[in-house]
Amino acid sequence: MNLTTPRNPDDINVLRVRQLEATKRRVLAELRALGLSKATVQYRADVADPGEVQVKGSNGTATVLEHPIEAAFYDIATLVERFALDVVAHHHGGFESDGGGYGYVILHADKGLVRIEHTSIETNEVSKETEL
């Protein structure tokens, strides 16, 4: 065991939240650097279908994100998609395997916030909104 090893399950959650916050800051900064005020990730996953993700950016007009990130092996769309799915998995754990779920993750770069609009298929739970 080293000094970064979590000592109890709550520590793991704290570390996860810190990582999501750091990634959120990076993603929003990358969007602002591209002049995009908003990005929307539409996702869908269920047991029968591994899922589908669509990412769009906006600066007043819809734009598909394809810009490479300097000094990285991926583009902004990949960064946004991975962050969005991590955020959904954190707040709605198991959504992709427990009957499924779908929704949107809306990143407001200009306001510095992220909103999740999630609907669970199994419980037929209508959109739960979460802001972070």
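See the structure printed just above.
Not measured: the values here are computed from a predicted model.

Enquirer: Tell me about the overall build of the protein chain, residues and numbers included.
Expert: Assigned secondary structure in the protein chain consists of two helices and six strands. Mapped in sequence order, the helices and strands of the protein chain form the string α-β-β-β-α-β-β-β. Within the protein chain, buried positions represent 32% of all 132 residues. Sequence-distant contacts, at least 24 apart, represent 51% of the contacts inside the protein chain between residues at least 6 apart. Total accessible area computed for the protein chain in this model is approximately 8100 Å², and 50% of it derives from carbon and sulfur atoms.

Enquirer: Account for the nonpolar core, with residues named and values stated.
Expert: If you look at the biggest cluster of nonpolar residues, it comprises 21 residues, and the most contacted ones within it are Val 27, Leu 31, Val 41, Val 80, Phe 83, Val 105 and Leu 107. Counting residues per element, the ones that place at least two in this core are α1 (9-33), β1 (38-45), α2 (76-91), β4 (101-108) and β5 (113-120). With residues up to four places along the chain from it excluded, the contact list for Leu 107 reads Val 27, Leu 28, Leu 31, Ser 37, Lys 38, Ala 39, Val 41, Val 80, Phe 83, Leu 113 and Val 114.

Enquirer: I'd love a proper account of the pairing of β4, names of residues and values included.
Expert: In terms of residue burial, β4 counts as a mostly covered element, since six of its eight residues are buried. With eight bridges connecting them, β1 and β4 associate as antiparallel partners. Its bridge partner being in β4, Tyr 43 is matched across the sheet by Gly 103. Relative to β5, β4 runs antiparallel, the two being bridged by eight bridges. Looking at the pairing, Ile 106 lines up with Arg 115 of β5. Taken together, β4 and the strand that follows it, β5, pair antiparallel across an intervening segment of four residues, in which Gly 112 is found at a positive phi of about 75°.

Enquirer: Give a description of the pattern of salt bridges that names residues and reports values.
Expert: All told, the structure shown has three salt bridges when counted by the stated rule. Note that Arg 16 is salt-bridged to Asp 86, the shortest N-O span being 3.8 Å. Taken together, the residues span a long stretch of sequence, with Arg 16 in helix α1 and Asp 86 in helix α2 at a distance of 70 residues. Asp 86 gets classed as partly exposed once you look at its relative accessible area, which sits at 35%. For Glu 30, the salt bridge identified is with Arg 26, shortest N-O distance 3.1 Å. Of the two residues, Glu 30 and Arg 26 are both situated in helix α1; the distance of four residues between them amounts to about one turn of the helix. For Arg 26, a relative accessible area of 35% gives the class partly exposed.

Criteria and cut-off values
- Residues numbered from 1 in each chain as written.
- Predicted model: local features only at pLDDT ≥ 70, side-chain atom pairs only at ≥ 80, totals over all residues.
- Heavy atoms only, no water.
- Helix = DSSP H or I, 4+ residues; strand = E, 2+ residues; numbered from the N terminus.
- Buried < 20%, exposed > 50% of the residue type's maximum accessible area, 1.4 Å probe, protein only.
- Contact = heavy atoms within 4.5 Å.
- Areas by Shrake-Rupley, 256 points an atom, 1.4 Å probe, with all protein chains shown as cover.
- Core = buried A, V, L, I, M, F, W, Y, C linked by side-chain atoms within 4.5 Å.
- Pairing = 2+ DSSP bridges.
- Salt bridge = Lys/Arg side-chain N within 4 Å of Asp/Glu carboxyl O.

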